[in-house]
Amino acid sequence: RDIDMNLVDAQECRRFLDRLFGFLVSKRLWYNVKGGLSAGRVQSPAVKILVDREKLRTNFKENEYWDLEGTFSKKNENIFSKLISISGVKVAKGNSFNRITGALEKKDTKVLSKKDAEILAKKIKNNNWLVSAIETKPKTQNPYPPFITSTLQQEGIRKLRMNSNQIMRVAQGLYENGYITYMRTDSIHLSNEALNASRQVIEKKYGKDYLPKSPKIYKSKSKNAQEAHEAIRPAGSSFKDPQKIKNQLTDQEYKLYDLIWKRTVASQMESAKIEQTKLTISDNEHVFIASGKTIIFPGFLRAYVEGSDDPNANLDDMEKVLPQVKKGDVLSCSLIEPKQHFTKPINRFTEASLVKEMESLGIGRPSTYASIMKRIQDKGYVNNTKGSLIPTLTGYAVVQFLEKYHKELVNLEYTSSMENSLDSISLGKTKKDDFLNNFYFSSNGSMGLKDQLEQDCDKDKSRLINTLKNTDTPIEIRIGRYGLYAQRNDERVNLDDNIIPSDITEEMIINFLKNKNAEPTALGINKTTKEPIVLKKGRFGPYLQCGKKMKSIPPGINENNITESIAEDVINM
């Protein structure tokens, strides 16, 4: 077919924008903040999302609350329940508190203290308990749509313990060798070939009860979906069984292919039928609730459960069967136990949840997510700690500079609308030259990139990340030519790049300054070189020095239990 020049213009425009942002704005960061830093059209909003979340966590105030867990029984069958109300007043639980501030959000709610809970547990245990209500609700759980690039990354990260970059690399290998269809797509549509192949597998492997009368058709909810390719699925007119090709694939390839195969097949299976039961237990004043769930018909769950490696095992975990009781039945109480809880701040993002967030905001494209995840970590703006993405102080510095001098670059709505404009170019509704002129040159009261770049920058303020003001003398957290440091008056101490911004306190910095100024401790004389061995405080903790030789203290040894002989052994290693 003829080349669609609208698509060419949209791609060229995207590339021009990336270069304008990447080269020109990064150059300002080098000069005004620190060399080696960079900005990007998608990269910078991704870091801002993480920084904004970390700032919310910093402002969160932890609260303690208690509840009661009751164990009731009928004919030796236990019912586990939780106290929900006293005399019609609800008892506070996790969702009673604001996830952003930590403050109690729901009115007419009683927060139990430890003393309250312990007194109440003893007081009500031997009351007369009976089943005051039984409520049963049927529920239908529909299958998930087949994978697109972003959902493949999200599930792969959760289930396969790979990062987004690894997932795309393995998927590339599967695609190149003909095992799956193209893996960079935002379409959840399956071709007729794929629908027929899925239905053949379902009927043969799971039976006719699991096969819908007609294929399931999914529609994308993404506002920027281009849908140039079909969903990610096993290749061909008949799907190769994962077990039969296991010896042809590496371990990672097999696991990813198996995931894609299950998701594709499950997307065309019948919905699951579930029955939910709520049991209310009361003494006319205190109300406990017990919840149960029974799978009436597993449907697609027989093939695939989101977030689970073994669908069959997970079906058992999902069920929580309650004993057979009737309304009005008398129950005996064997235990009422006070339980302590603390409110928790909103969760940090993982790679999976960040990809989901960017997709929902319309920022970036499926093909960019893996490279963005890798880049923000490689540049030191984010640390991946046990799966959580934690922004660094360097990431804070970059975002704060951009918010001050290039606000639109990290404005999530603006970044999303830019994607819409690029889509408009691809459809021929907007001219590439018009869009680029409006972006680079100021127009209609909006400051273009050219004028933004010509603004004067205050280097001193650009390098200030945060100020701690709870002490008599403010402490400034800064980034400089040689890295991160804290400053109080004329005193300075270097900070580790991996320090978590929300963990920094005045007390922590004051201790760093004290340790930095502490005199070295003499531990003895090296018998070989006749030079003194001293214990010093460094940027990354205590270390040993003998002449020009410096050694870290080994694990299990600290500055309080290190001896002269241990120090000499370490230096001579």
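Above this text you will find the structure in question.
Attention here is on the structure that accompanies the text. Each chain has its residues counted from 1, following the order in which its sequence is written. pLDDT decides what is reported in this predicted model: residues at 70 or higher carry local features, side-chain atom pairs at 80 or more are listed and counted, and totals for whole chains, interfaces and linings draw on all residues regardless. The side-chain figures draw on all heavy atoms in the structure; neither hydrogens nor water molecules are used.

1. Remarks on the overall build of the protein
The line we're drawing: Helix and strand definitions follow DSSP, with helices as H or I runs of at least four residues and strands as E runs of at least two, each counted in order from the N terminus. Burial classes follow relative accessibility: with a 1.4 Å probe on protein chains only, a residue under 20% of its type's maximum area counts as buried, one over 50% as exposed, and anything between as partly exposed. We call two residues contacting when some pair of their heavy atoms lies within 4.5 Å. In this description, accessible areas are obtained by the Shrake-Rupley approach with a 1.4 Å probe, and a residue is regarded as covered only by the protein chains that are shown. The convention is simple: Lys and Arg are positive, Asp and Glu are negative, and His and the chain ends are not counted. The atoms used to mark charge sites are NZ of Lys, CZ of Arg, CG of Asp and CD of Glu.
For the protein, the count of helices and strands is 17 helices and 18 strands. Evaluated residue by residue, the protein yields a buried proportion of 45% over its 573 residues. The contacts in the protein between residues at least 6 apart in sequence include a share of 69% that link residues at least 24 apart. Carbon and sulfur atoms make up 47% of the accessible area of the protein, which totals about 30800 Å². Looking at charge distribution, the protein has the averaged site of its 90 positive side-chain charges lying 1 Å from that of its 72 negative ones.

2. Comments concerning the nonpolar core
Here is the rule: Residue types Ala, Val, Leu, Ile, Met, Phe, Trp, Tyr and Cys, when buried and joined through side-chain atoms within 4.5 Å, form a set referred to as a nonpolar core.
Within the largest apolar cluster, 57 residues are counted, with the highest numbers of intra-cluster contacts made by Leu354, Met358, Leu393, Leu402, Ile477 and Ile509. For this core, the element with the highest residue contribution is helix H11 (residues 393-405), accounting for 8 residues. Those residues within four positions of Leu402 in sequence are excluded, and the remaining contacts are Val25, Ala39, Ser44, Lys407, Leu409 and Val410. Ranked by size, the runner-up nonpolar core spans 45 residues in total, among them Tyr144, Ala197, Ile232 and Trp261.

3. Focus: unusual backbone geometry
In this structure, Arg161 is a non-glycine residue whose phi angle is positive, near 60 degrees. Accessibility expressed as a relative area gives 66% for Arg161, which makes it exposed. Here Lys386, not a glycine, exhibits a phi torsion of approximately 50 degrees, which is positive. With respect to the helices, strands and loops of the structure, Lys386 is situated in the loop between strand S9 (382-385) and strand S10 (388-391). Take Lys386: its relative accessible area is 88%, and that puts it in the exposed class.

4. Digging into the packing of helix H1 (residues 5-32) against helix H12 (residues 412-426)
Stated formally: Between the N-to-C directions of two axes lies an angle of 0 to 180 degrees, each axis being a line fitted to C-alpha atoms and, for a helix, fitted only over the stretch in contact. Oblique is the label for any angle not under 35 degrees, not over 145, and not in the 65 to 115 range, which are roughly parallel, roughly antiparallel and roughly perpendicular in turn. Each residue gets one of three labels, nonpolar for Ala, Val, Leu, Ile, Met, Phe, Trp, Tyr, Cys and Pro, charged for Asp, Glu, Lys and Arg, and polar for the others, Gly among them.
Contact geometry for H1 and H12: axes closest at 7 Å, N-to-C directions at 150 degrees. The angle between the axes of H1 and H12 places the two elements in the roughly antiparallel class. Of the residues in H12, those in contact with Asn6, Leu7, Asp9, Ala10, Cys13, Arg14, Leu17 and Phe21 of H1 are Met418, Glu419, Leu422, Ile425 and Ser426. When the residues that make up the contact of H1 with H12 are grouped by side-chain class, the tally is 8 nonpolar, 2 polar and 3 charged.

5. Some words on helix H10 (residues 369-378)
Heads up, the rule is: What the arc measures is the spread of directions leading from the helix axis to the C-beta atoms.
By the burial criterion, the buried members of H10 are Tyr369, Ala370, Ile372, Met373 and Ile376. Each buried residue of H10 lies within a common arc of 165 degrees when the element is viewed along its axis, so the set occupies one face. Phi turns positive, to about 85 degrees, at Gly380, one or two residues after H10.

6. Observations regarding the packing of aromatic side chains
Test applied: Working definition: a ring pair exists when centres of Phe, Tyr or Trp rings (six-membered ring for Trp) sit within 6.5 Å. Plane angles under 30 degrees give stacked, over 60 give edge-to-face, the rest tilted. A ring is scored as having a charge over it whenever the NZ atom of a lysine or the CZ atom of an arginine sits within 6 Å of its centre and within 35 degrees of its normal.
On inspection of all chains with the given rule, the structure shows 14 aromatic pairs. Seen in terms of ring centroids, Trp129 and Phe288 are 5.5 Å apart; in terms of plane orientation they differ by 85 degrees. Their pairing is edge-to-face. Of the two residues, Trp129 sits in strand S5 (residues 129-141) while Phe288 sits in strand S7 (residues 286-297), which places them 159 residues apart along the sequence. Look at Trp129 and you get buried, because its relative accessible area is 2%. Through pairs of rings, three or more aromatic residues link up here, namely Tyr144, Phe147, Phe300 and Tyr304. Sitting over the face of the ring of Tyr254, Lys246 holds its NZ or CZ atom 4.7 Å from the ring centroid. Looking at Lys459, its charged tip hangs above the ring of Tyr31, at a distance of 3.6 Å from the centre.

7. Digging into the environment of Phe441
Within the fold, Phe441 resides in the loop between helix H13 (432-440) and helix H14 (449-453). Sequence separation between Phe441 and Ile232 is 209 residues; the distance between their C-alpha atoms is 41 Å.

8. Observations concerning the pattern of salt bridges
Inclusion rule: The term salt bridge refers to a side-chain nitrogen of Lys or Arg lying within 4 Å of a carboxyl oxygen of Asp or Glu.
Under the definition given, this model contains 22 salt bridges. In this structure, the salt-bridge partner of Lys48 is Glu403, at a minimum N-O distance of 2.7 Å. With Lys48 in helix H2 (residues 43-59) and Glu403 in helix H11, the pair connects residues that are 355 residues apart, well separated along the chain.

9. Quick notes on the pairing of strand S14 (residues 491-494)
We count it as follows: Two strands qualify as a pair provided that DSSP identifies no fewer than 2 bridges between them.
Of the pairings in the sheet, the one linking strand S13 (residues 483-488) to S14 comprises 4 bridges and is antiparallel in character. Across the sheet, Tyr485 pairs through a bridge with Asn494, a residue of S14. The hairpin formed by S13 and S14 contains 2 residues between the paired strands, and Asn489 there has a positive phi angle of roughly 55 degrees.

10. Examining the pairing of strand S1 (residues 64-74)
Within S1, 8 of the 11 residues are buried, leaving the element largely enclosed by the surrounding structure. Of the strand pairs in this sheet, S1 and strand S8 (residues 330-342) are connected by 10 bridges, and their pairing is antiparallel. Of the residues in S8, the one forming a bridge with Gly70 is Ile336. Bridge count for S1 against strand S2 (residues 77-86) is 6 bridges, and the pairing is antiparallel. When the bridges of S2 are listed, Glu69 appears paired with Lys82.

11. Brief notes about the sheet that holds S14
Consider a sheet: its strands pair through backbone hydrogen bonds, and that pairing is either parallel or antiparallel. What the 4 strands build is an open sheet, ordered S11-S12-S13-S14; its pairing is antiparallel. Among the strands making up the open sheet, the edge pair consists of strand S11 (464-468) and S14. This sheet shows a mean twist of 25 degrees between the axes of neighbouring strands, independent of strand direction. By the bridge criterion, 5 bridges tie strand S12 (residues 475-480) to S13 in an arrangement that is antiparallel. Bridge assignment links Glu476 to a residue of S13, and that residue is Gln487. Along the sheet, H11 contacts S11, S12 and S13; its crossing angle with S11, the most-contacted strand, is approximately 110 degrees.

12. Quick notes on the side chain of Ser198
Mapped onto the secondary structure, Ser198 falls in helix H6 (residues 192-205). Take Ser198: its relative accessible area is 0%, and that puts it in the buried class. Residues within four places of Ser198 in sequence aside, it is in contact with Phe239, Thr264 and Gln268.

13. Description of the environment of Tyr482
By the element assignment, Tyr482 lies in the loop between S12 and S13. A residue is classified by how much of its surface remains accessible, and Tyr482, at 71% relative accessible area, is exposed. Considered as a pair, Tyr482 and Ser198 are 284 residues apart in the sequence and their alpha carbons are 58 Å apart.

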